[in-house]
Amino acid sequence: MVNYEIEGMTCTHCKKTVEKIFAESGKQAVADVDAEMVSVNETLTEEELDQLKNRLSEDGYTLGNVK
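K.L.:
Could you clarify how one ought to interpret the pairing of strand E3 (residues 37–40) in this entry?
P.N.:
Neither face of E3 is exposed, since Met37 and Ser39 on one face and Val38 and Val40 on the opposite face are all buried. Sheet analysis places strand E1 (residues 2–7) next to E3, joined by 4 bridges and oriented antiparallel. By the bridge assignment for E3, Glu5 is matched with Met37. In sequence, strand E2 (residues 29–32) turns back onto E3 through a hairpin of 4 residues, with Glu36 there showing a positive phi of about 50°.

Pasting the structure below:
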């Protein structure tokens, strides 16, 4: 598992939204509200990371670097 920083999650609804956005991109992910991170089964490519950052920002989340 690779952990990425994520900001903006405050509740379980946020967790589900983040996980859904990753799933829409073909990535299985588990978000952790308290730890402010999202765990993915594999390292994301720069292109995947950029696409997810843009998509997540539309919903008010900020995807950061590997944690």
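K.L.:
Help me out: how do you make sense of the nonpolar core in this one?
P.N.:
Tyr4, Ile6, Val18, Phe22, Val38, Leu56 and Leu63 are the most contacted members of the largest nonpolar core, which has 18 residues in total. Mapped onto this core, the elements with two or more residues apiece are E1, helix H1 (12–24), E2, E3 and helix H2 (46–58). The element that contributes the greatest number of residues to this core is H1, accounting for 4 residues.

K.L.:
Explanation requested: the pattern of salt bridges in the structure shown.
P.N.:
Think of it this way: side chains of opposite charge can pair up when their charged atoms draw near. Applying the stated criterion across every chain yields a total of 5 salt bridges. Lys15 is the salt-bridge partner of Glu19, the closest N and O atoms lying 2.8 Å from each other. Of this pair, Glu19 and Lys15 are both found in helix H1, 4 residues apart, which corresponds to roughly one turn of the helix. By relative accessible area, Lys15 is classed as partly exposed at 25%. Two residues, Lys27 and Glu48, come together in a salt bridge whose shortest N-O distance is 3.0 Å.

Scoring rules and cut-offs
Residues numbered from 1 in each chain as written. Predicted model: local features only at pLDDT ≥ 70, side-chain atom pairs only at ≥ 80, totals over all residues. Heavy atoms only, no water. Buried < 20%, exposed > 50% of the residue type's maximum accessible area, 1.4 Å probe, protein only. Helix = DSSP H or I, 4+ residues; strand = E, 2+ residues; numbered from the N terminus. Pairing = 2+ DSSP bridges. Core = buried A, V, L, I, M, F, W, Y, C linked by side-chain atoms within 4.5 Å. Salt bridge = Lys/Arg side-chain N within 4 Å of Asp/Glu carboxyl O.

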